[in-house]
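Coordinate inspection notes
Here's the letter readout for the chains.
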Amino acid sequence: MDMNKHVKRLEALDARGLYGKDFLLTWEKTDDELNAVFAVADALRALREANISPRVFDSGLAVSVFRDNSTRTRFSFASACNLLGLVAQDFDEGKSQVAHGETVRETANMVSFMAEAIGIRDDMYIGKGNRYMREVAKAVQEGYRDGVLERRPTIVNLQCDMDHPTQCMADMLHILHTFGGAENLRGKKIAMTWAYSPSYGKPLSVPQGIIGLMTRFGMHVTLAHPQGYEVMRETEAVACQNAAGSGGSFTKTHSMEEAFEGADIVYPKSWAPFAAMETRTNLYGQGDFDGIKALEKELLLTNARHKDWTCTEALMEATRNGKALYMHCLPADITGVSCERGEVEASVFDRYRMPLYKEAGFKPYVIAAMIFLQRIQNPAAVLAELAAKGTSRAPD
Amino acid sequence: MDMNKHVKRLEALDARGLYGKDFLLTWEKTDDELNAVFAVADALRALREANISPRVFDSGLAVSVFRDNSTRTRFSFASACNLLGLVAQDFDEGKSQVAHGETVRETANMVSFMAEAIGIRDDMYIGKGNRYMREVAKAVQEGYRDGVLERRPTIVNLQCDMDHPTQCMADMLHILHTFGGAENLRGKKIAMTWAYSPSYGKPLSVPQGIIGLMTRFGMHVTLAHPQGYEVMRETEAVACQNAAGSGGSFTKTHSMEEAFEGADIVYPKSWAPFAAMETRTNLYGQGDFDGIKALEKELLLTNARHKDWTCTEALMEATRNGKALYMHCLPADITGVSCERGEVEASVFDRYRMPLYKEAGFKPYVIAAMIFLQRIQNPAAVLAELAAKGTSRAPD
Amino acid sequence: MDMNKHVKRLEALDARGLYGKDFLLTWEKTDDELNAVFAVADALRALREANISPRVFDSGLAVSVFRDNSTRTRFSFASACNLLGLVAQDFDEGKSQVAHGETVRETANMVSFMAEAIGIRDDMYIGKGNRYMREVAKAVQEGYRDGVLERRPTIVNLQCDMDHPTQCMADMLHILHTFGGAENLRGKKIAMTWAYSPSYGKPLSVPQGIIGLMTRFGMHVTLAHPQGYEVMRETEAVACQNAAGSGGSFTKTHSMEEAFEGADIVYPKSWAPFAAMETRTNLYGQGDFDGIKALEKELLLTNARHKDWTCTEALMEATRNGKALYMHCLPADITGVSCERGEVEASVFDRYRMPLYKEAGFKPYVIAAMIFLQRIQNPAAVLAELAAKGTSRAPD
């Protein structure tokens with residue numbers, strides 16, 4: 001294993017801004033910082049694949065806060081922490097209740113006396129999830145400043161109402177590996193498109209995160225959805241600005257066909273209309289559960305009008321050489337498999353199953369890389385040390 | 001501590017077939033392979049008792065999948081994994097739902113990116129539990145083959161509809177220690193008998209596992225139960241075949257007295273009739289919950305007709321010198337203690353409490369040995385290294 | 001970091017009585033033993049703050065048994081165990097059911113095959129919690145004696161019906177640090193007073209634990225509460241005896257004003273009347289849930305008559321120089337923040353927030369110190385070794 005390559009790649013980047021900070025939104029990070037996450041993720045993977053332990057912590061907790069059920073994210077986070085030597089400890093606040101102010105301040109400190117990292121997933125309420133993470137960040141920052149916490153745990157956004165940085169960064173790492181590096185992405189077309197699903201209220205964090213991230217690599221990013229399925233306006237603004245800066249483009253369309261036309265990468269996935277999710281958040285705030293039921297019913301009806309938004313073989317045919325990279329954050333709604341009509345035809349999904357699983361496999365490394373860079377002042381030196389030390393992770 | 005003795009014992013066995021494989025049924029394993037599990041379990045225990053750490057993994061997850069509540073198995077698995085350096089991470093699929101096909105394939109891979117082992121307990125549905133384990137095995141095998149998984153996690157059956165290998169192997173290890181080795185078991189009589197319990201639907205995995213395993217050591221194995229309480233026919237076939245091969249015997253009777261007569265070992269334990277469990281599985285499949293209730297009522301009534309099937313002092317008197325080894329997988333239904341009428345009289349249970357607890361104490365080591373042998377190519381060499389290194393497990 | 005200071009402090013104390021025993025009640029321990037816990041807690045903290053790992057276990061489980069929901073205690077226990085190298089494994093017996101006799105004996109052994117420590121929180125039933133801990137202790141002691149358990153796990157009382165030793169010891173450590181040592185506490189006045197809360201049935205363990213512990217340091221301890229809010233008589237007897245022995249005093253009053261007058265430390269906190277809790281325990285025993293509801297209603301009404309028992313700025317004014325140390329075990333009921341009327345005025349709480357958080361921050365170290373002293377025969381030597389070895393806990 002050639003760790004030197006990874007060390008040099010990391011040393012060429014200015015990633016100092018990550019140290020001691022949180023990872024809440026990709027668009028708050030510089031290109032160098034994002035590339036540092038990719039570099040460290042690759043390095044940690046190389047270490048593990050060479051059976052060299054990347055364990056840097058002898059002890060320490062990693063607090064996980066999940067506001068919904070999440071097997072995959074839970075395992076990704078637990079895997080990442082375990083790899084680094086941290087023990088994931090679940091903090092279950094109760095799923096419906098959204099804690100605020102005093103309570104957040106206090107509990108954030110109470111669970112953090114020996115915490116190195118806090119992973120938070122809070123994607124269910126528009127305007128709340130990312131804000132909650134910032135409340136927690138502020139609380140532990142104050143606790144650290146005032147001597148309550150010996151160390152300031154670093155926060156990783158495991159999905160919020162605005163972004164899903166660990167997913168999108170894993171997606172991007174998958175693209176980088178598939179296309180052979182960032183230099184090959186310039187001018188490529190990626191279609192982030194809505195797709196029909198029989199279920200209701202899927203989060204917006206993936207489409208928003210994808211347009212907010214992929215526009216930074218000089219790609220032509222197309223966002224496609226039926227009318228009414230708008231994402232948060234500020235994330236579109238981020239996408240526009242990024243595209244302008246990177247020499248790529250960001251366009252919108254209401255045609256799935258148009259989006260797929262000549263695309264190098266397609267990401268067809270269901271989500272709920274932003275406006276509806278905002279309404280739902282308000283209904284929750286008012287405790288109006290009848291209103292929520294009515295809204296849900298309405299949304300399912302509206303969804304059902306767009307059953308033709310599905311990733312078919314015919315659509316795939318229209319992509320670049322008929323061979324676009326098909327992506328999904330999983331689990332997908334597969335027509336005839338997990339539902340009658342869904343986001344994708346079974347034959348398309350089948351053909352891309354292994355790449356999809358590999359896409360998901362980057363996530364533990366991306367999470368570990370974020371914690372690594374946010375907690376370690378000289379990450380390149382520590383990587384070199386780990387490789388030199390060469391502690392076996394597992395017996396042969 | 002003399003590790004050399006254990007190393008030699010292991011080196012004399014051909015256990016290569018365990019490496020990279022799963023432990024699903026004892027009757028799929030050779031005698032040497034089973035003996036290797038016993039040898040490594042003893043070796044790991046010797047290390048721990050000498051306060052030498054048998055930790056072979058620096059990091060890595062061990063996924064646990066439990067389809068019912070299980071404090072004891074959970075702790076046994078967690079203990080085994082912890083001893084080896086793995087962190088047990090619970091994967092809760094939901095208790096009622098039985099996942100299939102696509103879902104199993106996907107989630108098995110999604111939770112396994114950094115998993116070394118997967119422990120599964122799925123004993124509630126006839127024809128499903130063991131099959132589910134094989135689906136998981138196939139999924140991670142494919143994931144490994146296709147480069148999704150860097151390592152192929154090894155599966156340990158923590159109880160299924162057919163067998164309960166970790167329990168029965170622990171039981172056997174207890175017998176080996178009590179009788180001073182396999183050479184002393186030839187010609188001994190063991191009675192696996194049904195016993196009355198006021199509860200309903202106890203799994204068949206223990207009686208099936210016991211007759212499937214104990215028939216391999218030249219013992220005379222008697223299976224006793226009231227008419228109608230048949231176990232799965234294929235496990236009886238396994239028992240017959242094993243007995244023929246080992247020079248022992250496998251007989252059936254409907255008399256508890258006959259089974260106890262002259263027995264060296266007795267294992268009186270309640271279970272549900274196989275046919276009824278099959279019916280229940282089908283009723284579940286049809287969502288017929290009224291049918292299940294009716295079945296349950298009927299089964300309790302049928303059970304109640306056999307309250308005389310209980311391990312009394314008088315029955316114990318009839319065993320070899322009145323001193324047969326009484327065994328149970330725990331918890332037992334003890335007459336006058338945990339219920340009005342149960343599987344065993346309190347005075348019998350009391351006399352054997354400490355041996356019973358010791359019997360249970362072998363289980364973590366058996367699980368650890370299975371993982372050890374399935375993940376380590378040169379287990380004898382690694383044991384020798386651990387002993388030579390002599391890392392303290394705990395302070396004095 | 002000067003570990004020598006801590007080692008000498010510990011060597012000057014006779015703490016041999018802690019080894020191999022449990023921590024169930026502070027009043028069962030000698031002064032030297034309590035001081036040893038403080039010394040080791042400070043030493044472990046010093047190690048961690050110097051980034052030196054205090055990990056003494058290479059593997060081993062720490063079983064946690066919680067009879068109610070408890071995020072803070074759970075994290076404190078998990079943090080303490082993780083620091084020492086143990087993995088906390090939750091044993092969920094079900095929250096309502098109180099296991100007894102046979103079941104306790106068996107399960108205590110079944111979960112302890114590889115356990116080094118057992119943390120128990122059982123504060124809901126008067127006369128039950130502490131007794132349950134002793135049942136567990138007896139069970140594992142017997143299991144150890146009879147060769148079932150290779151090691152005898154040590155028990156830490158994480159809150160019972162009588163005492164809350166980890167909380168009170170953390171409180172005391174906070175006092176020691178605030179006042180600069182035990183020599184400065186002689187003659188100081190501490191007011192443990194009842195305070196109004198809109199909720200019902202708060203445990204008595206904190207007031208009882210505080211009067212049982214703080215009376216040992218030559219302080220003047222005043223217990224104040226409205227008539228009818230008596231604590232367990234035997235804990236008052238402990239307080240009297242301790243005060244006599246330490247040269248302090250223990251007095252009771254029904255006036256919050258009197259208690260606060262000239263106090264150096266105030267601890268205003270709600271609790272339920274002992275007699276009512278005893279009644280509730282009996283009602284539970286009888287399964288009389290209507291009776292429990294009626295009792296709860298009555299208690300809330302009685303509580304409401306004492307809304308004036310709240311820690312106001314005016315009351316704080318009356319303490320020594322208006323600057324008494326305000327203490328609470330958290331979470332507090334803060335007037336206008338977490339409830340309309342509560343235990344403390346928001347401005348008082350705000351001024352003491354950071355000290356309160358620091359108070360809570362001692363708890364993981366106190367728990368770790370208890371386990372350390374109860375499991376390690378030569379704790380001073382092991383501390384010196386840890387410092388000499390100097391293994392980094394976390395990367396810089």
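Remember, it's a predicted structure, so these values are computed and weren't measured experimentally. (Residues numbered from 1 in each chain as written. Chains lettered and ligands numbered in written order. Predicted model: local features only at pLDDT ≥ 70, side-chain atom pairs only at ≥ 80, totals over all residues. Heavy atoms only, no water.)

Turning to the nonpolar core, a few remarks are in order. By size, the foremost hydrophobic cluster in this structure holds 433 residues, and its most contacted members are Tyr326 of chain A, Tyr326 of chain B together with Tyr326 of chain C. Aside from chain neighbours lying at most four places away, what touches tyrosine 326 of chain C is Val266, Pro268, Cys311, Met316, Ala332, Val344, Val348, Phe349, Tyr352 and Leu356 of chain C. (Core = buried A, V, L, I, M, F, W, Y, C linked by side-chain atoms within 4.5 Å. Buried < 20%, exposed > 50% of the residue type's maximum accessible area, 1.4 Å probe, protein only. Contact = heavy atoms within 4.5 Å.)

Moving on, we get to the state of the cysteines. Taken as a whole and assessed by the stated rule, the structure comprises 0 disulfides over all chains. Counting only cysteine sulfurs, cysteine 81 of chain B is the nearest neighbor of cysteine 81 of chain C, a cysteine outside any disulfide, at a range of 18 Å. You can see cysteine 160 of chain C has no disulfide; the closest cysteine sulfur is in cysteine 168 of chain C, sitting 10 Å from it. (Disulfide = S-S within 2.5 Å.)

This next bit is on the packing of helix 7 (residues 205–214) of chain B against helix 8 (residues 233–246) of chain B. Residue and element names in this part refer to chain B. With their axes 7 Å apart at the nearest point, helix 7 and helix 8 run at an angle of 20° to one another. If you check the angle between helix 7 and helix 8, you find them roughly parallel. The chirality of how helix 7 crosses helix 8 is left-handed. Judged by residue contacts, Gln208, Ile211 and Gly212 of helix 7 engage Thr235, Glu236, Val238, Ala239 and Asn242 from helix 8. (Axes fitted to C-alpha atoms, helices over the stretch in contact; angles between N-to-C directions. Helix = DSSP H or I, 4+ residues; strand = E, 2+ residues; numbered from the N terminus. Parallel < 35°, antiparallel > 145°, perpendicular 65-115°, else oblique. Left-handed = near helix turned anticlockwise from the far one by under 90°.)

Here the bond from leucine 330 of chain B into proline 331 of chain B is cis, since omega is -5°, no more than 30 degrees from zero. Counting through the fold element by element, proline 331 of chain B comes out in the loop between strand 9 (325–326) and strand 10 (334–335). Residues other than glycine seldom take positive phi values, yet asparagine 51 of chain A does so here, at roughly 60°. Considering the arrangement of structural elements, one finds asparagine 51 of chain A in the loop between helix 2 (31–49) and strand 1 (61–66). Among the residues examined, asparagine 51 of chain A registers a relative accessible area of 16% and is labelled buried. Despite not being glycine, leucine 330 of chain A has its phi angle at roughly 60°, a positive value. Along the chain, leucine 330 of chain A falls in the loop between strand 9 (325–326) and strand 10 (334–335). Judged by its relative accessible area of 7%, leucine 330 of chain A falls in the buried class.

Tallied over the full model, the rule gives 58 salt bridges over all chains. A salt bridge links aspartate 14 of chain B to arginine 16 of chain B; its shortest N-O distance comes to 3.1 Å. For arginine 16 of chain B, a relative accessible area of 67% gives the class exposed. Here aspartate 31 of chain B ties to arginine 216 of chain B by a salt bridge, and the two come within 2.9 Å at their closest N and O atoms. Here aspartate 31 of chain B, found in helix 2 (residues 31–49), pairs with arginine 216 of chain B, found in the loop between helix 7 and strand 6 (220–224); they are 185 residues apart in sequence, far enough to count as distant. Taking relative accessible area as the criterion, arginine 216 of chain B reaches 12% and is therefore assigned buried. Where salt bridges share partners, they join Glu116, Arg151 and Arg375 of chain A together with Arg393 of chain C into one cluster. (Salt bridge = Lys/Arg side-chain N within 4 Å of Asp/Glu carboxyl O.)

Looking now at the interface of chain B and chain C. Taken residue by residue, the interface counts 31 residues in chain B and 32 residues in chain C. For the pairing of chain B and chain C, the buried interface totals around 3000 Å² over both sides, and the portion due to carbon and sulfur atoms is 57%. Put simply, chain B and chain C have 3 salt bridges between them. Note that glutamate 106 of chain C and arginine 72 of chain B form a salt bridge whose closest N and O atoms lie 3.1 Å from each other. On inspection of chain B and its partner chain C, the count reaches 11 residue pairs in polar contact (both at pLDDT 80 or more). Taken together, the elements giving at least two residues each to the side of chain B that touches chain C come down to helix 2, helix 3 (71–84), helix 13 (346–361) and helix 14 (363–375) of chain B. The element that contributes the greatest number of residues to the side of chain B that touches chain C is helix 3 of chain B, accounting for 8 residues. Grouping the amino acids of the side of chain B that touches chain C by side-chain chemistry returns 15 nonpolar, 7 polar and 9 charged. (Buried area = accessible area lost by both parts, 1.4 Å probe. Polar contact = N/O pair within 3.5 Å; in protein donor to acceptor, adjacent residues only side chain to side chain. Nonpolar A, V, L, I, M, F, W, Y, C, P; charged D, E, K, R; others polar.)

Residues and elements named next belong to chain B. On the secondary structure map, aspartate 161 appears in the loop between strand 4 (154–160) and helix 6 (165–179). Separated by 2.7 Å, the side chain of aspartate 161 and the backbone nitrogen of glycine 127 make a polar contact. Those residues in contact with aspartate 161 that sit more than four places away from it in its chain are Asp122, Asp123, Tyr125, Ile126, Gly127, Lys128, Gly129, Asn130, Gln208 and Met232.

To continue, consider the relation of the copies chain B and chain C. Aligned on chain C, chain B shows an RMSD of 0.0 Å; the corresponding rotation is 120° and the shift along the axis is 0.0 Å. The superposition of one copy onto the other is thereby described by a three-fold rotation axis. Taking the C-alpha atom as reference, chain B places valine 87 of chain B closest to the rotation axis, 4.9 Å from it. Take the interface residues of chain B: only 3% of them recur as interface residues in chain C, which is what a contact between different surfaces looks like. (Least-squares fit on C-alpha atoms with pLDDT ≥ 70 in both.)

Right, let's talk about the confidence of the model for chain A for a bit. Looking at chain A, pLDDT values average 95 and 98% of them are 70 or higher. With pTM at 0.97, the complex prediction returns an ipTM value of 0.95. (pLDDT = per-residue confidence, 0-100.)

To continue, consider the relation of the copies chain B and chain A. Under the fitted operation, chain B is carried onto chain A by 0.0 Å of movement along the axis and a turn of 120°, and the coordinates agree to an RMSD of 0.0 Å. Of the residues that chain B buries at the interface, just 3% are likewise interface residues in chain A, meaning the two copies contact each other through different surfaces.

This brings us to the packing of aromatic side chains. Inspection of the entire model under this criterion finds 18 aromatic pairs over all chains. Plain terms: the ring middles of tyrosine 125 of chain B and tyrosine 284 of chain B are 5.1 Å apart, the flat faces sit at 85° to each other, and that makes the pair edge-to-face. Of this pair, tyrosine 125 of chain B sits in the loop between strand 3 (115–122) and helix 5 (129–145) while tyrosine 284 of chain B sits in helix 10 (residues 274–286), placing them 159 residues apart in sequence. One aromatic cluster is present, built from ring pairs that chain together Tyr125, Tyr284 and Phe289 of chain A. For lysine 29 of chain B, the ring lying beneath its charged end belongs to phenylalanine 23 of chain B, and the centroid distance is 5.3 Å. The positively charged end of arginine 45 of chain C is found above the aromatic ring belonging to phenylalanine 362 of chain C, 5.0 Å away from the centroid. (Phe/Tyr/Trp six-rings, centres within 6.5 Å; stacked < 30°, edge-to-face > 60°. Lys NZ or Arg CZ within 6 Å of the ring centre and 35° of its normal.)

Before going further, it helps to examine the sheet that holds strand 5 (residues 189–194) of chain A. Residues and elements named next belong to chain A. With parallel pairing, 5 strands are arranged side by side in an open sheet as 7-6-5-8-9. Taken across any chain shown, the strands that pair with only one partner, and hence form the sheet edges, are strand 7 (249–253) and strand 9. Across 5 bridges, strand 5 lies against strand 6 (residues 220–224) in parallel orientation. From the neighbouring strand, lysine 189 faces strand 6, where its bridge partner is histidine 220. Along the sheet, helix 8 (residues 233–246) contacts strand 6 and strand 7; its crossing angle with strand 7, the most-contacted strand, is approximately 140°. (Pairing = 2+ DSSP bridges.)

Time to look at the interface of chain B and chain A. Contact with chain B, which involves 33 residues of that partner, is made by 31 residues of chain A. Of the roughly 3000 Å² buried between chain B and chain A on both sides combined, carbon and sulfur atoms contribute 57%. In this assembly, chain B and chain A are joined by 3 salt bridges. With its nearest N and O atoms 2.4 Å apart, the salt bridge here joins arginine 393 of chain A to glutamate 116 of chain B. There are 11 residue pairs in polar contact (both at pLDDT 80 or more) connecting chain B and chain A. Among the secondary structure elements, those contributing two or more residues to the side of chain B that touches chain A are strand 1 (61–66), strand 2 (87–90) and helix 4 (101–110) of chain B. Broken down by element, the side of chain B that touches chain A gets its largest block of residues, 6 residues, from helix 4 of chain B. Partitioned by chemical class, the residues of the side of chain B that touches chain A number 13 nonpolar, 8 polar and 12 charged.

This next bit is on the sheet that holds strand 9 of chain B. All names here are of chain B. A sheet is described by the order of its strands in space; here 5 strands give the open sequence 7-6-5-8-9, paired in parallel fashion. Strand pairing shows two members of the sheet lacking a second neighbour, strand 7 (249–253) and strand 9, which therefore form its edges. The sheet contacts of helix 8 involve strand 6 and strand 7, and relative to strand 7 the element is tilted by about 140°.

Here we come to helix 2 of chain A. Along its 19 residues, helix 2 of chain A runs 27 Å from first to last C-alpha, staying within 8% of the 27 Å computed at 1.5 Å per residue. Across the 19 residues of helix 2 of chain A, 15 count as buried, placing the element largely inside the fold. (Expected span 1.5 Å × (residues − 1).)

All right, on to the environment of leucine 301 of chain C then. All names here are of chain C. For leucine 301, the position within the fold is in helix 11 (residues 289–304). With a relative accessible area of 57%, leucine 301 lands in the exposed category. Distance in space between the C-alpha atoms of leucine 301 and alanine 369 is 42 Å, their sequence separation being 68 residues.

Tracing the backbone shows glutamate 142 of chain A in helix 5 (residues 129–145). The contact partners of glutamate 142 of chain A, leaving out residues within four places of it in the chain, are Arg105 of chain A together with Met354 of chain C.

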